[in-house]
Amino acid sequence: QVQLVESGGGLVQVGGSLRLSCAASGRTTSIDGMGWFQQAPGKDREFVSGIVLSSGMAFYTDSVKARFTISRDNTKNVVYLEINRIKPEDTGIYYCAAGRGSATGRGAPDFWGQGTPVTVSS
């Protein structure tokens, strides 16, 4: 019903930055929340940041609030995650999510992308 395609991941040095993108297609009018989840190596998938599409209200987990910025372009159905001053613990696969719980991290999302990997090198 909703397809999500992530891009922008890659290899980045400690202290660097990058911007992840998530393009939504399909029945996008059925969702009002989107977000990002990180799955670090050997760890469970965890909420990082989310946004309410209609209002732009943003949510962050405490560990990334000072370094990450989420935004959306509703005309393009794209959500971005800007990562600044990246740390080794930011390494992992970043999954875009939409639907229930995606903006706040509370509850399981309805839709998932395939993920884009982020690797932080020293």
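Just above, that's the structure.
A brief structural summary. (Residues numbered from 1 in each chain as written. Predicted model: local features only at pLDDT ≥ 70, side-chain atom pairs only at ≥ 80, totals over all residues. Heavy atoms only, no water.)

Let us now look at the overall build of the protein chain. Scanning the protein chain from terminus to terminus reveals zero helices and eleven strands. Taken from N to C terminus, the helices and strands of the protein chain fall in the order β-β-β-β-β-β-β-β-β-β-β. Expected size for 122 residues packed as a compact globule is a radius of gyration near 14 Å; at 13 Å, the protein chain falls within 12% of this value. Dimensions along the principal axes, computed over C-alpha positions, put the protein chain at roughly 40 × 25 × 25 Å. Counting across all 122 residues of the protein chain, residues that qualify as buried make up 45%. Considering only contacts within the protein chain whose residues lie at least 6 apart along the sequence, 55% involve residues at least 24 apart. If you sum the accessible surface of the protein chain, you get close to 6,400 Å²; carbon and sulfur atoms cover 48% of it. Within the protein chain, the 10 negative side-chain charges are centred at a point lying 3 Å from the centre of the 12 positive side-chain charges. (Helix = DSSP H or I, 4+ residues; strand = E, 2+ residues; numbered from the N terminus. Rg over C-alpha atoms; globule rule 2.2 N^0.38 Å. Buried < 20%, exposed > 50% of the residue type's maximum accessible area, 1.4 Å probe, protein only. Contact = heavy atoms within 4.5 Å. Areas by Shrake-Rupley, 256 points an atom, 1.4 Å probe, with all protein chains shown as cover. Lys, Arg positive; Asp, Glu negative; His and termini not counted. Charge placed at Lys NZ, Arg CZ, Asp CG, Glu CD.)

Moving on to the nonpolar core. The nonpolar side chains of a soluble globular protein tend to be buried with one another. Ranked by size, the top nonpolar core spans 27 residues in total, and within it Leu4, Met34, Trp36, Leu81 and Tyr94 carry the most contacts. Where this core is concerned, the elements lending two or more residues are β1 (2–7), β3 (18–26), β4 (33–39), β5 (45–52), β7 (68–73), β8 (78–83), β9 (92–98) and β11 (116–121). The leading source of residues in this core is β3, at four residues. (Core = buried A, V, L, I, M, F, W, Y, C linked by side-chain atoms within 4.5 Å.)

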